[in-house]
Amino acid sequence: MNQPHTRKAALGMAGLLALLGLGAATPAAAQSPCAEVVREGLPALGCNRAFTLHVKDMAFSDELNGQAPPPGQRWATLDVRFDSWMPSDLVFGLGYPEPLLVASLERQLYLLVDDRQVVRPTLPDGSALEDEFVLPRAGAQRQGEVAFAVPDASLSQLSLHYYHDQYAPIVVPLLGGRAEPDEGRDAASWQQGHDLMSLGVHGVGRHDRWQGEASPEGMQWLVVDLRGQGEWRTPVDARALEASAEPDVESSLHRVMEYIEAPGLLQVVVDGRYAYVRDLELSSLGDDPALLPDAWAGGEAVFPIPDDAERIELVAYMPQFGGTDISSEIRPALRFALEEGEREPDAEPREMLEDGPIRFRVHDLVLHDAFADHVAEEGETLVWIEAAMANQSEVGGMMEVGHRLRPRVPEGELLGVYQAGPMPQPEPFWLPADDEPRHFQLLYRYPADAETLEFEYGGVAVVETLSLSH
């Protein structure tokens, strides 16, 4: 637990490893001289005990820093100003330093869209703001532009949220009213969580085209409206939140949580075999989603899945957590059954290797003249191998399979690693713990007259030769 002398120095954001606690909120609103004039419309402002945040203007555009927005979105550029009015009772009464650090706009400033989507800022070229800066004294100001990618559609609600790790959050309403903090929880079809974060699925759909992008052949886009909330709390001085609080009383802040390895750890598992990760360009859910403490929000996660997929599960795997006052225990994965289809049981493997905690299985081998975008030349054949790996330990990890099984003949060549679809398998990929298998397909170019196909398996703990007949 932080002590007062530690808090005086900790004016920025907490440390991070795999999931990060960021920003702050409090159940009791801090009193501020600007509270009475906070209103909808521009210019607008909001405060806590240390900062005032002004929004002077807002403009929309189709280009920022020479870049177009993501598909289906446009840029909203805000002219904002940060003012410090560090109170004397904290400086002289509790020994707080007068300079205030804005440690990271990327991890402290968010736009909430339609009470459901969280958007991070981008700094336009020429902005007077930096991602990190210091307001050196009470009365100091810093003004500049920040931009956000928002849906290219009619918007019903916009609010700017600023979080700090010692002071109450600032909410500046820009358009429409705000829902109550817990409104929308009961609307989730599924909801799960633990002491640091909660997630809920608010809608699921399959599409052949999304944001103008056709799905790959044999695939569909699975669009999941995924929302969450940060649940982590940390101790702070109550006086930093509320001017009327006693000087030595401790309170707590409800924190933002950032799921920073989500591009690989948030997966759609199909038929219990294949795991697909998001198309980051088509998804409005942030690459590393920030889960706000005072809004049930996130975005749309877009996954490619086989169009004949029957059993579909969304899984958010949890690594070890890192940050101040966060235990290193591994939280359980959050799992959401999206479609309850039947899956065929795996056939007995043709070959199986025990490689320390990793079990490697070969399930099938087929010769092809063509597969995906590869065609066998004269005197060659394409060798397709269905294989799987499972991790029997209690800790998941990132794995690669492209280098595991190598042809023993010079003419042999690995052409690619695929999932069902066929879709290229991203590598490395997350191999979950507790013996949960992940299937993949290996494609090789091989001499057509080879009767026995020999491969060298190079693993974590063993190196062995596999002889596979066709």
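One can find the structure itself at the top, above this paragraph.
Residues numbered from 1 in each chain as written. Predicted model: local features only at pLDDT ≥ 70, side-chain atom pairs only at ≥ 80, totals over all residues. Heavy atoms only, no water.

1. Points about the sheet that holds strand S19 (residues 266-270)
Right, on to step 1. Taken in spatial order, the four strands line up as S20-S19-S23-S24 in an open sheet, and their pairing is antiparallel. Pairing within the sheet leaves two strands with one partner each, and these edge strands are strand S20 (274-276) and strand S24 (334-339). Strand-to-strand twist across the sheet, computed as the mean angle between neighbouring axes with direction ignored, equals 25°.
Right, on to step 2. As paired elements, strand S23 (residues 312-316) and S24 share five bridges and run antiparallel to each other. Its bridge partner being in S24, Glu 313 is matched across the sheet by Ala 337. (Pairing = 2+ DSSP bridges. Helix = DSSP H or I, 4+ residues; strand = E, 2+ residues; numbered from the N terminus. Axes fitted to C-alpha atoms, helices over the stretch in contact; angles between N-to-C directions.)

2. Some details on the pattern of salt bridges
Right, on to step 1. By the definition in use, this model includes 17 salt bridges.
Right, on to step 2. Linking Asp 152 and Arg 74 is a salt bridge whose minimum nitrogen-to-oxygen distance equals 3.9 Å. One end of the pair, Asp 152, is in the loop between strand S9 (141-151) and strand S10 (158-162); the other, Arg 74, is in strand S4 (residues 73-84), and 78 residues separate them in sequence.
Right, on to step 3. Judged by relative accessible area, Arg 74 falls into the buried class, the value being 18%.
Right, on to step 4. Between Arg 404 and Asp 355 there is a salt bridge, with the nearest N and O atoms lying 3.3 Å from each other. Placement of the pair is Arg 404 in the loop between strand S30 (397-399) and strand S31 (405-407) and Asp 355 in strand S25 (residues 351-355), with a sequence separation of 49 residues. For the pair Arg 404 and Asp 355, a shared accessibility class is recorded, and that class is buried.
Right, on to step 5. Salt bridges sharing common partners tie together Glu 313, Arg 335, Glu 436 and Arg 438. (Salt bridge = Lys/Arg side-chain N within 4 Å of Asp/Glu carboxyl O. Buried < 20%, exposed > 50% of the residue type's maximum accessible area, 1.4 Å probe, protein only.)

3. Some remarks on the sheet that holds strand S32 (residues 413-419)
Right, on to step 1. Spatial ordering of the open sheet is given by S25-S26-S29-S35-S32-S33, a layout of six strands whose pairing is antiparallel. Both edges of this open sheet fall to S25 and strand S33 (423-424), since each of them pairs with a single strand only.
Right, on to step 2. The sheet contact formed by strand S29 (residues 380-391) and strand S35 (residues 438-447) spans 10 bridges and is antiparallel. In the strand pairing of S35, Trp 384 is matched with Leu 443.

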